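One-letter residues, chain by chain:
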Protein chains: 2
Amino acid sequence: MIKIESSRNKIIKEIVSLKQKKYREQKKLFIVEGERLLSEADPLYVLIREGYDGDTERFSNVYTAPAGVFDKAADTISPQGIIGVCKIPETYLSALPKEPFVVILDRVSDPGNLGTVIRTADAAGADAVVLSEGCADPYNPKTIRSTMGSIFHLPVYRNINIAEFLKNSNIKTFAAHLKGKKSCFKTDMTGGTGIIIGNEANGICDDIAALATELVKIPMPGKAESLNASAAAAIMIYEAVRQRTEM
Amino acid sequence: MIKIESSRNKIIKEIVSLKQKKYREQKKLFIVEGERLLSEADPLYVLIREGYDGDTERFSNVYTAPAGVFDKAADTISPQGIIGVCKIPETYLSALPKEPFVVILDRVSDPGNLGTVIRTADAAGADAVVLSEGCADPYNPKTIRSTMGSIFHLPVYRNINIAEFLKNSNIKTFAAHLKGKKSCFKTDMTGGTGIIIGNEANGICDDIAALATELVKIPMPGKAESLNASAAAAIMIYEAVRQRTEM
């Protein structure tokens, strides 16, 4: 256990820097806060607040800092008083199974929505989440929190050229689209399947929509004009679960 | 158009006070920000930022304030520069249809989740959203934003004693519960139906779970232990839509 006294210490500075995407990309590191999330992670080191009473035995590098210094490093007011720094895993599309079940996001920009979709995809047993350029960063602390640990359960591919991905894959892909004619409940989502969800305000890019096997609509018998992106994703992903497990 | 010069003006003070639930309850008023949301609202008055170029003709009471004063009143940095103050509508459970389709929330505490569920319920054509005590306030500015206007489309009943509501209603109710045995996809959600979703961390109260017609599970073939409350709601609500529209 190494004691840190000052917020000018390089460990504190590193953790603070990792709140910014630029430094996360540069260092290939991200922050995981709280005991529960860290229980699934394999951090390079952890920083604890003085007086933290959780178990730190399994961590190989433990730094401790007084509350004032710790709280500067933390992204939230973390009553648990533990932060870990983890490596961003390398991911290879070639590792996907032959007929995967994947969730594809086109410029979904809200970190909370992104985290929720990753969590839903994980619950559904999806093989991966594939993110276009312009999506929120899955390693943003807010995204990490809303994945509730799912970020550690399935590969999340970042900065993928979705058009290329669709051209090179042999899965059926269903894009939730306001111009979709067929209901998402009339699709066949068994076998290799990709569900495509677009940006919160603008939906799916035209070039991606053109490459999808089918544009589908989520029926909206009520008055709302659209659904939240993570709600739309949950509906489509779970229609696939229903078809794969209940029929 | 009445010009406001100072942030000590009583209109500015009223708007600022309405960010707090206490004053919303006292005055039975809430804030609606932005042109799009306001297009569906019927505000008592609106406040615009000097230089706002949208149409304000349809509003009967328009106040204008310089940017510095306006921005103090706004809850977000509102590039649109318009805020309205609206009456919280009175709602009566007796106005529900005889066999309603309702979404019942037990202590869902995140304003964003609550707004998303209201939006999903609206899209699905639900008759109402019924909130227990301890839910987030639907008139919280963050909730209003995430409803994307749906708050104006269907009644949202607040501070309802859910146990009493369930005893007095003659609808089938399905509670998403980790102890549920039957899959939500094996239910019959046609006819009078209530979908019950619980608190983000603690799920549904035991007394409410005991009164539900059935505890159901949302299948989770993957590794996540649970779903986000608004994702779980979307899955259950849309299973009802599927059964009601596609079969």
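Bear in mind the structure is a predicted one, so any value in this text is a computation, not a measurement. (Residues numbered from 1 in each chain as written. Chains lettered and ligands numbered in written order. Predicted model: local features only at pLDDT ≥ 70, side-chain atom pairs only at ≥ 80, totals over all residues. Heavy atoms only, no water.)

Draft legend 1. Broad picture of the overall build of chain A. Across its full length, chain A holds nine helices and twelve strands. Looking at chain A as a whole, 56% of its 247 residues qualify as buried. Just so you have it, chain A exposes about 11000 Å², and 49% of that area is on carbon and sulfur atoms. Of the side chains in chain A, 31 bear a positive and 30 a negative charge, and the two mean positions are spaced by 4 Å. (Helix = DSSP H or I, 4+ residues; strand = E, 2+ residues; numbered from the N terminus. Buried < 20%, exposed > 50% of the residue type's maximum accessible area, 1.4 Å probe, protein only. Areas by Shrake-Rupley, 256 points an atom, 1.4 Å probe, with all protein chains shown as cover. Lys, Arg positive; Asp, Glu negative; His and termini not counted. Charge placed at Lys NZ, Arg CZ, Asp CG, Glu CD.)

Draft legend 2. Representation of helix α5 (residues 111–123) of chain A within the structure. All names here are of chain A. Across its 13 residues, α5 extends 18 Å between first and last C-alpha, which sits within 8% of the 18 Å expected from 1.5 Å per residue. Here α5 lies mainly inside the structure; 13 of its 13 residues are buried. Its side-chain oxygen 3.0 Å from the backbone nitrogen of Gly112, Asp110 forms the N-cap of α5. Of the residues trailing α5, Gly125 is marked for its positive phi of about 75°. (Expected span 1.5 Å × (residues − 1). Polar contact = N/O pair within 3.5 Å; in protein donor to acceptor, adjacent residues only side chain to side chain.)

Draft legend 3. Broad picture of the interface of chain A and chain B. Between chain A and chain B, the residue contacts involve 32 residues of the former and 32 residues of the latter. At the boundary of chain A with chain B, total buried surface from both sides reaches about 2800 Å², with 58% on carbon and sulfur atoms. In terms of surface lost to chain B, no three residues of chain A exceed Arg119, Tyr238 and Glu246 of chain A, which account for 21% of the buried area on that side. If you look at where chain A meets chain B, you find two salt bridges. Across the salt bridge formed by Arg36 of chain B and Glu225 of chain A, the nearest N and O atoms sit 3.9 Å from each other. At the junction of chain A with chain B, the criterion picks out 14 residue pairs in polar contact (both at pLDDT 80 or more). (Contact = heavy atoms within 4.5 Å. Buried area = accessible area lost by both parts, 1.4 Å probe. Salt bridge = Lys/Arg side-chain N within 4 Å of Asp/Glu carboxyl O.)

Draft legend 4. Quick peek at the relation of the copies chain A and chain B. Rotating chain A by 180° and moving it 0.0 Å along the rotation axis overlays it on chain B with an RMSD of 0.0 Å. Interpreted geometrically, this transformation is the action of a two-fold axis. The share of interface residues of chain A whose copies in chain B are also at the interface is 100%, consistent with both copies meeting through the same surface. (Least-squares fit on C-alpha atoms with pLDDT ≥ 70 in both.)

Draft legend 5. The pairing of strand β7 (residues 128–132) of chain A, seen in detail. Residue and element names in this part refer to chain A. Extensive coverage of β7 is indicated by the burial of five of its five residues. Burial of the side chains of β7 extends over both faces: Ala128, Val130 and Ser132 are buried on one face and Val129 and Leu131 on the other. Two elements, strand β6 (residues 101–105) and β7, share four bridges in a ladder whose sense is parallel. In the strand pairing of β7, Val103 is matched with Val129. (Pairing = 2+ DSSP bridges.)

Draft legend 6. A look at helix α9 (residues 229–245) of chain B. Residues and elements named next belong to chain B. Between its terminal C-alpha atoms α9 stretches 24 Å, which fits the 24 Å expected from 17 residues at 1.5 Å a residue. Of all 17 residues that make up α9, 15 are buried, and the element is covered over most of its length. One side-chain oxygen of the residue at the start of α9 lies 2.6 Å from the amide nitrogen of Ser230, identifying that residue as Asn228.

Draft legend 7. Structural context of empty space enclosed by the protein. Tallying each qualifying case throughout the model produces five cavities of 30 Å³ or more. There is about 80 Å³ of room inside the largest cavity. Lining the largest cavity, in full, are Lys223, Ala224, Glu225 and Ser226 of chain A together with Arg36, Glu40, Arg119, Thr147, Met148, Ser150 and His153 of chain B. Among the residues making up the lining of the largest cavity, the classes are represented as two nonpolar, four polar and five charged. (1 Å grid on protein atoms, 1.4 Å probe; cavity = no way out; pocket = protein on both sides within 12 Å on 5 of 7 lines; lining within 4 Å. Points joined across faces, edges and corners; volume = space filled by probe spheres on them. Nonpolar A, V, L, I, M, F, W, Y, C, P; charged D, E, K, R; others polar.)

Draft legend 8. Just the pattern of salt bridges, in detail. Residues and elements named next belong to chain A. Counted under the stated rule, the structure contains 20 salt bridges over all chains. For Arg158, the salt bridge goes to Glu25, with nearest N and O atoms at 3.1 Å. With Arg158 in strand β8 (residues 156–160) and Glu25 in helix α2 (residues 21–27), this pair connects stretches of sequence that are 133 residues apart. Assessed through its relative accessible area of 22%, Arg158 is described here as partly exposed. Relative accessible area serves as the criterion here: at 26%, Glu25 is assigned to the partly exposed category.

Draft legend 9. Representation of a negative patch on the surface within the structure. A contiguous patch of negative charge on the surface is contributed by Glu35, Asp53, Asp55 and Glu57 of chain A. By the secondary structure assignment, Glu35 of chain A is in helix α3 (residues 35–38). (Patch = residues over 30% accessible without salt bridge, like charges linked within 9 Å, V, L, I, M, F, W, Y side chains within 5 Å.)

Draft legend 10. Molecular detail of the domain arrangement of chain A. Residue and element names in this part refer to chain A. In terms of domains, chain A is made up of domain 1 (2–87) and domain 2 (93–245). Distance between the C-alpha centres of domain 1 and domain 2: 31 Å. Between domain 1 and domain 2, the residue contacts involve 13 residues of the former and eleven residues of the latter. Buried area between domain 1 and domain 2, both sides added, is near 1200 Å², and the carbon and sulfur share of it is 58%. There are two salt bridges connecting domain 1 and domain 2. For Arg24, the salt bridge identified is with Asp137, shortest N-O distance 2.9 Å. If you look at where domain 1 meets domain 2, you find five residue pairs in polar contact (both at pLDDT 80 or more). For the side of domain 1 that touches domain 2, the secondary-structure elements that each account for two or more residues are α2, β2 (29–33) and α3. (Domains from an automatic or database assignment.)

Draft legend 11. Focus on the sheet that holds strand β10 (residues 182–183) of chain B. All names here are of chain B. What the seven strands build is an open sheet, ordered β8-β7-β6-β11-β9-β12-β10; its pairing is parallel. Across the chains shown, the open sheet's two edge strands, defined by having one partner strand only, are β8 (156–160) and β10. Sheet analysis places strand β9 (residues 172–176) next to strand β11 (residues 193–197), joined by four bridges and oriented parallel. Paired with Lys172 across the two strands is Thr193, which belongs to β11. On the sheet, helix α5 (residues 111–123) packs against β6 (101–105), β7 (128–132) and β8 and is oriented at approximately 170° with respect to β6. (Axes fitted to C-alpha atoms, helices over the stretch in contact; angles between N-to-C directions.)

Draft legend 12. Quick peek at the sheet that holds strand β3 (residues 45–49) of chain A. All names here are of chain A. In space, the five strands of this open sheet follow the order β1-β4-β3-β5-β2, with mixed pairing throughout. If you trace the sheet from one side to the other, it starts and ends with β1 (2–3) and β2, each paired once. Here helix α1 (residues 10–17) sits on the sheet and contacts β2, β3, β4 (62–65) and β5 (82–87); the angle it forms with β3, its principal contact strand, is near 100°.

Draft legend 13. Local environment of the packing of aromatic side chains. All names here are of chain A. The full count for this structure, using the stated rule, is eight aromatic pairs over all chains. Between Phe30 and Tyr139 the ring centres are 4.5 Å apart and the planes differ by 55°, which places this aromatic pair in the tilted class. Of this pair, Phe30 sits in strand β2 while Tyr139 is found in the loop between β7 and α6 (141–147), placing the two residues 109 residues apart along the sequence. No difference in accessibility class separates Phe30 from Tyr139, as the two residues are buried. Put simply, the rings of Phe30, Tyr139 and Phe152 touch in pairs and so form one group of aromatic residues. Over the face of the ring belonging to Phe101 we find Arg244, whose NZ or CZ atom lies 4.4 Å from the ring centre. (Phe/Tyr/Trp six-rings, centres within 6.5 Å; stacked < 30°, edge-to-face > 60°. Lys NZ or Arg CZ within 6 Å of the ring centre and 35° of its normal.)

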